[in-house]
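Observations on chain architecture
The residues making up each chain are set out below.
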Amino acid sequence: MVSPGRGILAADESIKTMSSRLEKVGIAPTADARRAYREMLVTTPGIAEGISGIIFCDETLNQQLSDGRPFAQATREAGMLPGVKVDTGAKPLAGRPGETITEGLDGLSARLAGYAAQGAAFAKWRAVLRITDDLPSTTAIRANAHALARYAAACQEAGLVPIVEPEVLMDGDHTLRRCAEVTARVHAAVMAELAAFGVDMAGVVLKPNMVVEGADHPHRATPEEVAEATVDVLRALPGDLAGVAFLSGGQDPARATANLAAIQLHHTPWPLTFSFGRALVDPALTAWAASGRSTVAGQEALADRVAANSAAVRPRELQATA
Ligand code: 13P
């Protein structure tokens, strides 16, 4: 999942989110449109050179390509690992107005066993923390860290690799410093809960946000500033973690890639790569829709973003021969 020069494609938007993205580009949000869009992504020629795994949602894992193969099988046959998002979304956290808790723990072990039987190799759970002047609260951080750890332990019992995603949102006008401080607090809580549940860190991929200023902050940090602040926060993580795969979080695709390349110049004990959603697929969705659902147009746009991000995380010794 974190092999050199490859990242993880997040194509696991919920039915609701994927439907609204399709509607935005003028496509009726049917189950078959969502299926056809994901088929276009998975069958992109050469995609496995830069992508080690694809995260799907439950709906896609139960769908088939036009040739009848289930998505998990087609993904493996293309040289990638299939994974599945298993949280059921961030819901209002009772007692903490303005904050959320990510749900989906009830019946999780049985669902994980089912996904493993369907061929999934890994799973993903996203928790969401929002920054304001006085949020996130310690209570929300602790509750979300606890849920992430219960999920990770259940994954390891089911034989699936957990991707642990505690996302500190870019929403707001906060500074990069404030993002660093909150991200560090969140990581400390998540690591403490993972340890409390006996999760084997060598089998965990952490999917964090990069440390960036809020989307409404007037000053945009340079890739070097983002890289330094991000790696600084990550230094507190255990050295035996399997890897770190960043989410893009709403950064525009070029900025996410530039930040990733700058981060990669720092030496860390674990491999650093990408697990982008929007920064990989937005251009592909736009091109696919604008061309009347041309597979080639969508795949060319995806291949461009995959190649750029794969180059950003390719070790220097491999770059010389690429
Ligand atoms: P973005 O890269 O669009 O933030 O998506 C990553 C993801 O998996 C969100 O859960």
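Let us look at the structure shown here. (Residues numbered from 1 in each chain as written. Predicted model: local features only at pLDDT ≥ 70, side-chain atom pairs only at ≥ 80, totals over all residues. Heavy atoms only, no water.)

**Re the overall build of the chain**
Counting secondary structure elements, the chain contains twelve helices and ten strands. The C-alpha atoms of the chain give a radius of gyration of 19 Å, which matches the 20 Å a tight globule of 322 residues would have. Over its C-alpha atoms, taken along the principal directions, the chain stretches across nearly 50 × 45 × 40 Å. Taking all 322 residues of the chain together, 53% fall into the buried category. Across the chain, contacts joining residues at least 24 apart in sequence account for 77% of those joining residues at least 6 apart. For the chain, the accessible surface area stands at approximately 12,900 Å², while carbon and sulfur atoms represent 53% of it. Placing the 30 positive and 36 negative side-chain charges of the chain at their respective mean positions leaves the two points 2 Å apart. (Helix = DSSP H or I, 4+ residues; strand = E, 2+ residues; numbered from the N terminus. Rg over C-alpha atoms; globule rule 2.2 N^0.38 Å. Buried < 20%, exposed > 50% of the residue type's maximum accessible area, 1.4 Å probe, protein only. Contact = heavy atoms within 4.5 Å. Areas by Shrake-Rupley, 256 points an atom, 1.4 Å probe, with all protein chains shown as cover. Lys, Arg positive; Asp, Glu negative; His and termini not counted. Charge placed at Lys NZ, Arg CZ, Asp CG, Glu CD.)

**Some thoughts on the environment of Val-2**
Its location among the elements puts Val-2 in the segment before β1 (7–10). In contact with Val-2, not counting residues within four places along its chain, are Val-205, Ala-242, Gly-243, Pro-271 and Thr-273.

**A look at the sheet that holds strand β7 (residues 161–168)**
Strand order in the open sheet formed by eight strands is β1-β2-β3-β6-β7-β8-β9-β10, and the pairing between neighbours is parallel. At either margin of the open sheet sits one strand with a lone partner, and together these are β1 and β10 (272–274). As paired elements, strand β3 (residues 81–85) and strand β6 (residues 122–129) share three bridges and run parallel to each other. Following the sheet pairing, Val-84 is matched in β6 by Ala-123. (Pairing = 2+ DSSP bridges.)

**Let's talk about the nonpolar core**
Counting residues in each nonpolar core, the largest one holds 97 residues, and the members touching the most others are Ile-51, Val-86, Tyr-151, Phe-246, Phe-276 and Leu-280. Residues in contact with Val-86, not counting those within four places in the same chain, are Gly-104, Leu-108, Arg-111, Leu-112, Tyr-115, Ala-123, Lys-124, Trp-125 and Tyr-151. Formed by ten residues, the second largest nonpolar core is a distinct cluster that contains Ala-10, Ala-121, Ile-163 and Ala-245. (Core = buried A, V, L, I, M, F, W, Y, C linked by side-chain atoms within 4.5 Å.)

**Some details on the packing of helix α8 (residues 223–234) against helix α9 (residues 253–264)**
Contact geometry for α8 and α9: axes closest at 8 Å, N-to-C directions at 60 degrees. In terms of axis orientation, α8 runs oblique to α9. Relative to α9, α8 is oriented so that their crossing is right-handed. Residues Pro-223, Glu-224, Val-226, Ala-227, Thr-230 and Val-231 of α8 form the contact with α9, whose own contacting residues are Arg-255, Ala-258, Asn-259, Ala-262 and Ile-263. (Axes fitted to C-alpha atoms, helices over the stretch in contact; angles between N-to-C directions. Parallel < 35°, antiparallel > 145°, perpendicular 65-115°, else oblique. Left-handed = near helix turned anticlockwise from the far one by under 90°.)

**With respect to the site of the ligand**
The environment of the ligand is made up of Ala-10, Lys-124, Arg-126, Glu-165, Lys-207, Leu-247, Ser-248, Gly-249, Ser-275, Phe-276, Gly-277 and Arg-278. Residue Lys-124 places a side-chain N or O atom 2.5 Å away from an oxygen atom belonging to the ligand. Summarising the interface, the protein chains cover 92% of the accessible area of the ligand, which totals 300 Å² for the free molecule. Residue composition of the shell around the ligand, grouped by class: three nonpolar, four polar and five charged. (Near = heavy atom within 4 Å. Polar contact = N/O pair within 3.5 Å; in protein donor to acceptor, adjacent residues only side chain to side chain. Nonpolar A, V, L, I, M, F, W, Y, C, P; charged D, E, K, R; others polar.)

**What to know about the pairing of β6**
β6 sits mainly inside the fold: seven of its eight residues count as buried. In the sheet, β6 pairs with β7 via eight bridges, with the strands oriented parallel. In the strand pairing of β7, Phe-122 is matched with Val-161. Note on the crossover from β6 through helix α6 (residues 138–158) to β7: the handedness is right-handed. (Right-handed = clockwise from strand over helix to strand, strands pointing away.)

**Digging into the pattern of salt bridges**
Tallied over the entire structure, the rule returns 15 salt bridges. Close ionic contact of Arg-35 with Glu-39 constitutes a salt bridge, the shortest N to O distance being 2.7 Å. Pair noted here: Arg-35 and Glu-39 are both in helix α2 (residues 31–42), with a separation of four residues, about one helical turn. We note a salt bridge from Arg-178 to Glu-181, for which the minimum N-O separation is 3.2 Å. Here Arg-178 and its partner Glu-181 are both found in helix α7 (residues 176–196), three residues apart, which amounts to about one turn of the helix. Judged by its relative accessible area of 40%, Glu-181 falls in the partly exposed class. It is possible to trace a salt-bridge network through shared partners that takes in Asp-12, Lys-85, Lys-124 and Glu-165. (Salt bridge = Lys/Arg side-chain N within 4 Å of Asp/Glu carboxyl O.)

**Some details on the side chain of Arg-305**
Within the secondary structure, Arg-305 sits in helix α11 (residues 295–312). It is Asp-304 that comes nearest to the buried, bridge-free Arg-305 among opposite-charge side chains, at 6.8 Å. Every residue in contact with Arg-305, bar those within four places of it in the chain, is listed here: Pro-253, Ala-254, Thr-257, Ala-279, Leu-280 and Pro-283.

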